Amino acid sequence: MAADNAVGQHTELTQLADERVDFRFKGLPPDADGLTVGELAAQGRNLFTGGFTTPVLALSAECVAHNLALMETYSTRHGLAFAPHGKTSMAPELFARQERHGAWGITLAVPHQVRVARAHGFRRIFLANELVDAAALRWLAAELTADPEFRFVCYVDSERGVELMDAALREAGATRPVDVVVELGAGDGARTGVRTEAECAAVADAVATAPTLRLTGVAGYEGEVPQADPERVHAWLRRLVALAAEFDKAGRFAGLDEIVVSAGGSAWFDAVADVFAEIPELSAPVLKLLRSGAYVSHDDGHYKELTPFNRVPEEGTLQPAFRLWAQVVSRPNPEQAFTNAGKRDAAYDLHLPAAQVVRDARDGSQRPATGIEVTGLSDQHAWLRTSPEADLEVGDWVGMGLSHPCTSFDKWQLIPLVEADGTVTDYIRTYF
Ligand SMILES: Cc1ncc(COP(=O)(O)O)c(C=O)c1O
């Protein structure tokens, strides 16, 4: 196992290895029922011959290790702190590996995800959303009281949001203020976030009057810039940086040890690196927090097209880590074939899966999936169109590349981590 695979400081993670394997986990070998995940991993079974059932999603051990190391190098080289978005994998084991690869903490999107991270011992969490849920705020206040080392930052994007947060935190008897950053919207018609600088100032004013909150910076998500292109994304990031400078000049960050400026998914981190390098000296050191999440598995579709490494190939290349293996269950005519993986198993919100390789059921050999195209997904089937050169029969396994990491991870609760020779070295537990 790679050094970064070790469980490290999060003792809660050792429990993942103690979970029993059974019918809850798709694709795992029926004859492994009752073993713990740790015991099964120690057997080092082969994905193809070790009793796994189809469909089964495999995550390449080498590609994940490569991607973790590459983004560590990238953020270090560009002076960025890293809080990878955990909603992508919702896998505490991967969060821990991200931390061991230098991440400052983990970004999350909703309270449940924060609970997952806290249950596994994570102490620095950036919630890239406004938190106005009174029950979640009550829980958060208790967590902050119970653990002085717990650092939590979330967005605020409205005066009403500030009012709701303050009311809920007061009622909960919060003992220390919750750190908040004003979210600047990525443009007219974009997703969440305050639309104008004047409105940002009004939200910051509201925070200043709320004793349960502390303004620690500004943030946003360039991935939602309408009609995004390098120019528009750079321009929006410059607005974000200017907002930080303006708030600082106005004394809004007085007394802070650190000012947070955060942006960045997996499509524009080159622009974030460019513009964050221009952040002027402020009254306190700036935590330039990048939040890419999809990079961890990367993909064979959406992010393969959008990755900034296409623009800066000299800085590296991410490797697509997912391969979904499904079995041909019907070959009714020379133009059609059907595998047993469908919408329950594959991401399909951005692109359909792409057939990459065929594993011959007769002799275990692998060949390129020539002449095989996935044209549709039913709940439990993939529709394949085959041209005359396609060599495919019932029983063969088809290995498919996927598009969109976030909607691939969420369909699988225990994902084999597989080395190039097919050896399964570990299992990644997800909590969606
Ligand atoms: C607010 C926010 N930050 C960061 C990210 C991470 O972006 P990516 O999934 O491209 O890595 C997302 C993804 O949706 C997001 O919504």
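Residues numbered from 1 in each chain as written. Predicted model: local features only at pLDDT ≥ 70, side-chain atom pairs only at ≥ 80, totals over all residues.

The chain has the name Amino acid deaminase in an unreviewed UniProt entry, where Streptomyces monticola is given as its organism. On record in UniProt, under Sequence similarities (unreviewed entry), the comment for the chain is "Belongs to the DSD1 family." (UniProt positions renumbered as here; feature names shortened; annotations may be inferred.)

(A) View of the site of the ligand. As a structural note, the neighbourhood of the ligand is formed by His85, Thr88, Ala128, Tyr221, Gly223, Gly265, Ser266, Ala267, Arg291, Ser292, Gly293 and Ala294. Here the residues of the shell around the ligand sort into four nonpolar, seven polar and one charged. (Near = placed C-beta within 6 Å. Nonpolar A, V, L, I, M, F, W, Y, C, P; charged D, E, K, R; others polar.)

(B) Region of interest: the environment of Asp33. Along the chain, the position of Asp33 falls in the loop between helix H1 (14-18) and helix H2 (37-43). A tally of 13 C-beta atoms within 10 Å means that Asp33 is categorised as partly exposed. In the structure, Asp33 is positioned eleven residues away from Asp22 in sequence and 4.7 Å away in space, judged by C-alpha atoms. Aside from chain neighbours lying at most four places away, what touches Asp33 is Val21 and Asp22. (Helix = DSSP H or I, 4+ residues; strand = E, 2+ residues; numbered from the N terminus. Buried ≥ 20, exposed ≤ 12 C-beta atoms within 10 Å, placed from the backbone. Contact = placed C-beta atoms within 7 Å.)

(C) Fine view of the sheet that holds strand E7 (residues 213-219). With parallel pairing, eight strands are arranged side by side in an open sheet as E2-E9-E8-E7-E6-E5-E4-E3. This sheet does not close on itself; its edge strands, each paired only once, are strand E2 (81-82) and strand E3 (106-108). Alignment of strand E4 (residues 124-130) against strand E5 (residues 151-156), held across five bridges, turns out to be parallel. Its bridge partner lying in E5, Ile125 is registered against Phe152. Across the sheet, helix H9 (residues 230-249) touches E7 and strand E8 (259-263), and the angle it forms with E8 is around 165°. (Pairing = 2+ DSSP bridges. Axes fitted to C-alpha atoms, helices over the stretch in contact; angles between N-to-C directions.)

(D) Looking closely at the packing of H9 against helix H10 (residues 269-276). Following both chains from N to C, one finds H9 and H10 inclined at 45°, their axes separated by 9 Å at the closest point. Taken together, the axes of H9 and H10 lie oblique to each other. Relative to H10, the crossing made by H9 is right-handed. For the pair H9 and H10, contact is made by Pro230, Val233, His234, Leu237, Arg238 and Val241 and by Ala271, Val272, Asp274 and Val275, respectively. Tallied by class, the residues present in the contact of H9 with H10 amount to seven nonpolar, one polar and two charged. (Parallel < 35°, antiparallel > 145°, perpendicular 65-115°, else oblique. Left-handed = near helix turned anticlockwise from the far one by under 90°.)

(E) Highlighting the nonpolar core. In terms of nonpolar packing, the biggest core is built from 140 residues, with Val180, Val207, Val218, Leu240 and Val272 touching the most fellow members. Among the elements that take part in this core, H9 stands out by supplying eight residues, more than any other. Two domains each put at least three residues into this core: domain 1 (3-61 + 319-429) and domain 2 (123-292). Those residues within four positions of Leu240 in sequence are excluded, and the remaining contacts are Leu184, Val218, Gly220, Val261 and Ala263. (Core = buried A, V, L, I, M, F, W, Y, C linked by C-beta atoms within 7 Å. Domains from an automatic or database assignment.)

(F) Examining helix H3 (residues 61-77) more closely. Taking 1.5 Å per residue as the helical rise, H3 with its 17 residues ought to reach 24 Å, and the 24 Å between its terminal C-alpha atoms agrees with that figure. Within H3, the full set of buried residues consists of Ala61, Cys63, Val64, Asn67, Leu68, Met71, Tyr74 and Ser75. Among the structural elements, strand E1 (56-60), E2, helix H4 (92-100), strand E9 (286-290), strand E17 (414-418) and strand E18 (424-429) are those in contact with the buried residues of H3. Gly79 sits one or two residues past H3 and shows a positive phi near 65°. (Expected span 1.5 Å × (residues − 1).)

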